[in-house]
Amino acid sequence: MAETLEVKELAEVAVRFSGDSGDGMQLAGNIFSTVSATVGNSISTFPDYPADIRAPQGSLTGVSGFQVHIGAEMVYTPGDKCDVLVAMNAAALKTQYKYAKKDATIIIDTDSFQAADLKKAAFQTNDYLGEMNIDPDRVIACPITQMVKDCLADSGMDVKAMLKCRNMFALGLVCWLFDRDLEIAFNFLREKFAKKPGVADANIKVIQAGYDYGHNTHSSANNVRRIETKHKVPGRYMDITGNKATAYGFIAAAEKAGLKLYLGSYPITPATDVLHELSKHKSLGVTTVQCEDEIAGCASALGASFAGALGVTSTSGPGICLKSEAMNLAVIMELPIVVLDVQRGGPATGLPTKSEQTDLLQALFGRNGESPMPVIAATSPTDCFDAAYNACKMALEHMTPVILMTDAYVANGSAAFKLPNLAEYPAINPPYVPEELKGTWTPYMRNEETGVRYWAVPGREGFQHILGGLEKDNKTGAISTDPENHNLMTHLRQEKIDKIQVPDLDVLGDKDDAELLIVGFGGTYGHLHAAMDELRAKGKKVALAHFKYINPLPANTAAVLGKYKKVVVAEQNMGQLAAWLRMKVDNFTPYKFNQVKGQPFVVNELVEAFTEILNK
Amino acid sequence: MAYTAQDFKKGQPRWCPGCGDHFFLASLHKAMAEIGVDPWNIAVISGIGCSSRLPHYMATYGMNTIHGRAAAIATGAKVVNPSLSVWQISGDGDGLAIGGNHFIHANRRNINLNMILLNNRIYGLTKGQYSPTSPRGFVSKSSPYGTVEDPFRPAELCFGARGHFFARAVATDAQGTIDILKAAHQHKGAAVCEILQNCVIFNDGTHESVYSKEGRAKNAIYVQHGKPLIFGENSEYGLVQEGFGLKVVKIGENGITEKDILVHDAHCQDNTLQLKLALMGNGDGFPVALGVIRDVDAPTYDDSVTTQIEEISSKKKYHNFAELLETNDIWEVK
């Protein structure tokens, strides 16, 4: 039968694996993306998991999804809607179908669509496809549970263990649909379960069974589809999530600076993986302290930096609220720390597992007093590495706390990461106080050009000094309430930040003659880029300027924003970047696109909204 | 190198005349001279409050940070730089109210910090509100009709957090203070020193019964490890165990001899009797315990962190960033 198969070439495809939180959808998705990346496809992934720890099995609130987008050319997002939806149970189909394209292939485990399952998923009848208006021809309805049990009948495993392999059956089926090389998946599993070869073997057997099932029944499903790779960048790659890339950036920066890395942190979704990752790497001398609260996370990082380490603290928006006090102390003491804010939906506890960009003004202004602080925003999972590295470099070289902003979307999403060569990264040179200043040095003596004060680390004889939260005299370093001195110090702290050099803002697309400039920051880069590509493919003149450096702004910001007739600032908040830009750029009156759904932008919606602006 | 108190002095303290902070600072200078750690290897880290001004008057490295956070900041400093001698200075409000969480967790983790708690049972810098150590019924500006809450007793918090060192001195008692500061330095791990001190403006006389030498002779007991718990102007009283509690007895009465008196064991792992000593008060007919009440060896957090890093380093095969990258699943695109 195989010889009759038609292999279609596709430019890109998105697959969404969905099921109960415990169904292993993320693992299936990860393997699929790794298998695809290994053959050079561009990949982008996005997990969408519920806030509940483990909602009741089969319930609507317990569904978790993992979307993988693979492409022959660069893919910038996990895809708006999927081409293949895997629904491991009735609740998954009910909640995830809205993410499927109209002509998507749906794979379901019919064993999980029994009366009780349908009831839990609030279906009214047994005709669940009819209720959802799904064309049965597009559905691969397969008794996955039973087939997995049959497949593993001789394995000696108990039923519970067998059922843990259901995800691999679905994966095998998807691999068949896209003509993937199973050997790569097998190797992945052999390595993952190196200590449990039995588990690896069972999973491998089930993947093969899923693949064979697809092969043997192909007449009832879509034809095999292949994604070829168009523009390969040669090199060695790994799959990396934004949080892991962030952790790696911190490690790399500490090594480059020759400093011990200290992380003070308190568990918080969606930032905790940074704590997990760094906690593993004791062999690199990384010290992590899981603190008693968010406050101590930041305070201890500041103590660590006072004592001569690279102090970092990681959190999400609610944690920033608590850390702002110690961040402010870092501002007035002029000590380096990096504060990572993996943004999630707010306010308050908000939407812990969902993504937003609603902390920007908090990062810029959420402290008492005049408290200028650099803000850097990472644009993609892999960009988290550079962003984290640069945040550390900026903090250490300018003796200032730096806020590094990512969000749940880039933090949990993954992409192929070309292994960085640390030798090619810029040096990090903290401004240690020169020995010859012994005797004349005072804590707030500054480099005249940069406005940066010198760093005297405890242990150095002759440089004993006190820092603190009270305003200090610029000359002596003693406590001072002198009005002129406070005015001076406030200005000096501001100027120090304003003087930091950041790269110019890049303009992509029709940079010379765009009718519309799209402006965004941080994690929306992929979606805004994809929207621009789509508009340009339709013949529109569109450009994109995406901010990574938010404070200080790139020197060419006003020039770029002033160059185009129409500018739209698109962000996942109520207009925070637009407000900041309007504060910093005279006569800037952009259009605004604001969406706060806790979900990534949808490219089609962006295209629609931008077209409307173009037509105005 | 031999140091004198002068080597640790800096600036002119701004506390009110007669404030207990002056006495404590002088003792700290002397204790540091006797301890002999170089001033550049010492960090004195305080929070906010009258007593938290103290680092400004030390010729060491120091930080006068934010309210309540001194223990957390000191934790970070000590963990990354274990060779620093770190002294954390807090008042009763700073350490036990706004900083209560950090206080208990520093004790629980057993960070090698010298944690000084200057207890005057009042908020002085904000001009006279009751503190978490003010007694029930205490009248202050924020409790004009008396407080309706019970105070913390610092030893209970320390012991409840599994603290391994607790000592107490009266600020006006220089030798007693120097002795416990030296013991705190000697102790590896979180070492809480409660300093009973006066606020001459807002809570004068709060520790009146033990503030003078004569008072202490009558109303305090200096506990010493391995020595019988004897006190009184003429060493005529002693402590014995009775039932679940302690009891004051007079030596020579009812057949009691010195041999019957409880011998202090600061090194005893079980803190039951140590806590009883720490909680004794004049109001209950007991002397106030001064000196090192508990001093038990236990693994310190900072040592354990260092040890773990060394152990893992010897086992793992990657020791720099480039090697770390290689631990991942890598593929090559040609």
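Everything quoted here is computed from the prediction, not taken from an experiment.

A. Local environment of the overall build of chain B. Each helix and strand counted, chain B has 11 helices and 14 strands in total. For chain B, whose C-alpha radius of gyration is 22 Å, the value lies close to the compact-globule estimate of 20 Å for 334 residues. Going through the 334 residues of chain B one by one, you find that 50% of them count as buried. The contacts in chain B between residues at least 6 apart in sequence include a share of 65% that link residues at least 24 apart.

B. Representation of the interface of chain A and chain B in the model. Residue-level contacts link 59 residues of chain A with 48 residues of chain B. A total of 9 residues in the side of chain A that touches chain B trace back to one element, the largest contributor, which is helix H12 (residues 294–306) of chain A. Residues belonging to the side of chain A that touches chain B are distributed by class as follows: 30 nonpolar, 18 polar and 11 charged.

C. Quick look at the sheet that holds strand E19 (residues 516–521) of chain A. Residues and elements named next belong to chain A. Reading across the sheet, the 5 strands line up as E18-E20-E19-E22-E23 and stay open at both edges, with mixed pairing between neighbours. Of all strands in the sheet, those with a lone pairing partner are strand E18 (507–509) and strand E23 (591–594), marking the two edges. Averaged over all adjacent pairs, the angle separating strand axes in this sheet is 25°, with direction ignored. The sheet contact formed by E19 and strand E22 (residues 566–571) spans 4 bridges and is parallel. Paired with Ile518 across the bridge in E22 is Val568.

D. Spatial organisation of the domain arrangement of chain A. Residue and element names in this part refer to chain A. Domain annotation of chain A identifies domain 1 (2–227), domain 2 (239–424), domain 3 (431–500) and domain 4 (507–615). Look at where the C-alpha atoms of domain 1 and domain 4 centre, and you get two points 36 Å apart. Taken together, the contact pairs 5 residues of domain 1 with 8 residues of domain 4. For the side of domain 1 that touches domain 4, the residue count by class is 2 nonpolar, 2 polar and 1 charged.

E. View of the pairing of strand E3 (residues 85–91) of chain B. Residues and elements named next belong to chain B. Most of E3 sits out of view: 7 of its 7 residues are buried. As defined by bridge partners, E3 adjoins strand E4 (residues 114–119) across 5 bridges and the pair is classed as parallel. By the bridge assignment for E4, Trp87 is matched with Asn114.

F. Up close: helix H5 (residues 144–151) of chain A. All names here are of chain A. Along H5, the positions that sit buried rather than exposed are Ile144, Thr145, Val148 and Cys151. One side of H5 carries all its buried residues, which in axial view fall inside an arc of 130°. Across H5 from its buried face, at more than 90 degrees, point the exposed residues Gln146 and Asp150.

G. Helix H18 (residues 525–537) of chain A, seen in detail. All names here are of chain A. For H18, spanning 13 residues, the distance from its first C-alpha to its last is 18 Å, which sits close to the expected 18 Å at 1.5 Å a residue. Listing the buried residues of H18 in full gives Tyr525, Gly526, His527, Leu528, His529, Ala530, Ala531, Met532 and Leu535. Buried positions along H18 lie against strand E3 (42–48), E18, E19, strand E20 (542–547), E22 and helix H21 (603–615). At the exit of H18 stands Gly539, carrying a positive phi of roughly 90°.

H. A look at the environment of Ala141(A). All names here are of chain A. Residue placement: Ala141 occurs in strand E7 (residues 139–142). Given 14 C-beta atoms within 10 Å, Ala141 falls into the partly exposed group. Residues Ala141 and Ile108, spaced 33 residues apart in sequence, show a C-alpha to C-alpha distance of 5.2 Å.

I. Geometry of the confidence of the model for chain B. Averaged over all residues, the pLDDT of chain B equals 97, while 100% of them reach at least 70. Overall fold confidence for the complex sits at a pTM of 0.90, while the interface term, ipTM, reaches 0.97.

J. Geometry of the confidence of the model for chain A. Residues and elements named next belong to chain A. On average, residues of chain A score 92 in pLDDT, and 95% of them are at 70 or above. In this model residues 1–5 is a low-confidence stretch, pLDDT under 50, and it forms 4 contacts with partners more than four residues away in sequence or in other chains. For the stretch residues 219–224, pLDDT sits under 50, and the model shows 12 contacts to residues farther than four places along the chain or on other chains.

K. Region of interest: the sheet that holds strand E4 (residues 63–71) of chain A. Taken in spatial order, the 9 strands of this open sheet run E7(A)-E6(A)-E5(A)-E2(A)-E4(A)-E3(A)-E16(A)-E9(A)-E14(B), and their pairing is mixed. At either margin of the open sheet sits one strand with a lone partner, and together these are E7 of chain A together with strand E14 (330–333) of chain B. Across the sheet, the mean angle separating the axes of adjacent strands is 25° when strand polarity is ignored. With 5 bridges joining them, strand E9 (residues 235–241) of chain A and strand E16 (residues 414–418) of chain A adopt antiparallel strand pairing. Residue pairing across strands places Tyr237(A) opposite Lys418(A), the latter belonging to E16(A). Against the sheet, helix H10 (residues 242–257) of chain A engages E9 and E16 of chain A, with an angle of about 115° to E9(A).

L. Region of the structure containing the packing of H10(A) against helix H15 (residues 383–398) of chain A. Residues and elements named next belong to chain A. Between H10 and H15, the shortest axis-to-axis distance is 7 Å and the interhelical angle comes to 40°. By the angle class used here, H10 and H15 are oblique. Read as a crossing pair, H10 and H15 show a hand that is right-handed. Here H10 contributes Gly242, Ala245, Thr246, Tyr248, Gly249, Phe250, Ala252, Ala253 and Ala257 to the contact with H15, which in turn contributes Cys384, Phe385, Asp386, Ala387, Ala388, Tyr389, Cys392, Lys393 and Leu396. By residue class, the composition of the contact of H10 with H15 is 13 nonpolar, 3 polar and 2 charged.

M. The arrangement of the environment of Lys584(A) in detail. Tracing the backbone through its elements, the reader meets Lys584(A) in helix H20 (residues 576–584). A sequence separation of 264 residues divides Lys584(A) from Ile320(A), and the C-alpha atoms of the two residues are 24 Å apart.

N. Examining the pairing of E9(A) more closely. In terms of residue burial, E9(A) counts as a mostly covered element, since 5 of its 7 residues are buried. Alignment of E9(A) against E14(B), held across 4 bridges, turns out to be antiparallel. Opposite Gly235(A), over in E14(B), you have Val333(B) as the bridge partner.

The rules behind each value
- Residues numbered from 1 in each chain as written.
- Chains lettered and ligands numbered in written order.
- Predicted model: local features only at pLDDT ≥ 70, side-chain atom pairs only at ≥ 80, totals over all residues.
- Helix = DSSP H or I, 4+ residues; strand = E, 2+ residues; numbered from the N terminus.
- Rg over C-alpha atoms; globule rule 2.2 N^0.38 Å.
- Buried ≥ 20, exposed ≤ 12 C-beta atoms within 10 Å, placed from the backbone.
- Contact = placed C-beta atoms within 7 Å.
- Nonpolar A, V, L, I, M, F, W, Y, C, P; charged D, E, K, R; others polar.
- Pairing = 2+ DSSP bridges.
- Axes fitted to C-alpha atoms, helices over the stretch in contact; angles between N-to-C directions.
- Domains from an automatic or database assignment.
- Arc of directions from axis to C-beta.
- Expected span 1.5 Å × (residues − 1).
- pLDDT = per-residue confidence, 0-100.
- Parallel < 35°, antiparallel > 145°, perpendicular 65-115°, else oblique.
- Left-handed = near helix turned anticlockwise from the far one by under 90°.

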